[in-house]
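# Structure at a glance
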Amino acid sequence: MGNQRWEVVGGADKGGIVVRAGRELTSQQLPQKLETAALVEQLERIGDRVHYRLLEGQGPEEGWVSVRLKDKPLLEPRPSNGQAAADASRTRPV
């Protein structure tokens, strides 16, 4: 099974969400934001911080982002292609 995939759902009114070079919120902010609707693959997760690799959409190829900001979600989980196929096979009528 592949790594968790996430869709960017936050930042629509701000041109995307902030990406940082490191896990810490004090690490360097990258100049480009990760745009809303981008699809990323999780490389590592520590608490509410996700180290990602960009799969689809616009933004830095790799970086660290937050899953949520206060009570507002910035990322939502999406099934990987393999997981979606497995889920579909379980829901097919017999």
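Let me sum up the structure you'll find in this document. (Residues numbered from 1 in each chain as written. Predicted model: local features only at pLDDT ≥ 70, side-chain atom pairs only at ≥ 80, totals over all residues. Heavy atoms only, no water.)

## Here's the deal with the overall build of the protein
Across its full length, the protein holds one helix and seven strands. In sequence order, the secondary structure elements of the protein are arranged as β-β-β-β-β-β-β-α. Here the protein, with 94 residues, has 33% of them falling under the buried criterion. Of the contacts formed within the protein by residues at least 6 apart in sequence, a portion of 51% connects residues at least 24 apart. On the protein, roughly 6,000 Å² of surface is accessible, and the fraction owed to carbon and sulfur atoms is 50%. (Helix = DSSP H or I, 4+ residues; strand = E, 2+ residues; numbered from the N terminus. Buried < 20%, exposed > 50% of the residue type's maximum accessible area, 1.4 Å probe, protein only. Contact = heavy atoms within 4.5 Å. Areas by Shrake-Rupley, 256 points an atom, 1.4 Å probe, with all protein chains shown as cover.)

## Digging into the environment of E56
Tracing the backbone through its elements, the reader meets E56 in strand β3 (residues 49–56). Note: C-alpha distance between E56 and A37 (19 residues apart in sequence) is 8.6 Å. Those residues within four positions of E56 in sequence are excluded, and the remaining contacts are A38 and L39.

## Details of the nonpolar core
Nonpolar side chains in soluble globular proteins generally cluster together in the buried interior. In this structure, I17, L34, V50, Y52, V65 and L75 are the most contacted members of the largest nonpolar core, which totals 14 residues. Listed by contribution, the elements that provide at least two residues to this core are β1 (5–8) and β3. Considering each element in turn, this core owes the most residues, three residues, to β3. With residues near it in sequence (within four places) discarded, V50 still touches W6, Q42, E44, R45, G63, W64, V65, V67 and L75. (Core = buried A, V, L, I, M, F, W, Y, C linked by side-chain atoms within 4.5 Å.)

## Brief notes about the side chain of R20
Within the secondary structure, R20 is located in the loop between β1 and β2 (39–46). Buried and unpaired, R20 has E24 as its nearest opposite-charge partner, separated by 9.2 Å. Reaching out from R20, the side chain makes a polar contact with the backbone oxygen of L25 at a distance of 3.0 Å. At a separation of 2.8 Å, a polar atom in the side chain of R20 contacts the main-chain carbonyl oxygen of S27. Look past the residues within four positions of R20 in its chain and what remains in contact with it is L25, S27, Q28, Q29, L30, R49, G63 and W64. (Lys, Arg positive; Asp, Glu negative; His and termini not counted. Salt bridge = Lys/Arg side-chain N within 4 Å of Asp/Glu carboxyl O. Polar contact = N/O pair within 3.5 Å; in protein donor to acceptor, adjacent residues only side chain to side chain.)

## Some thoughts on the layout of surface pockets
Roughly 320 Å³ of internal volume is contained in the largest pocket. Taken together, 16 residues form the lining of the largest pocket, with G16, I17, V18, L69 and L74 sitting closest to its centre. Those elements giving two or more residues to the lining of the largest pocket turn out to be β4 (62–66) and β5 (68–69). Classifying every residue of the lining of the largest pocket gives six nonpolar, three polar and seven charged. (1 Å grid on protein atoms, 1.4 Å probe; cavity = no way out; pocket = protein on both sides within 12 Å on 5 of 7 lines; lining within 4 Å. Points joined across faces, edges and corners; volume = space filled by probe spheres on them. Nonpolar A, V, L, I, M, F, W, Y, C, P; charged D, E, K, R; others polar.)

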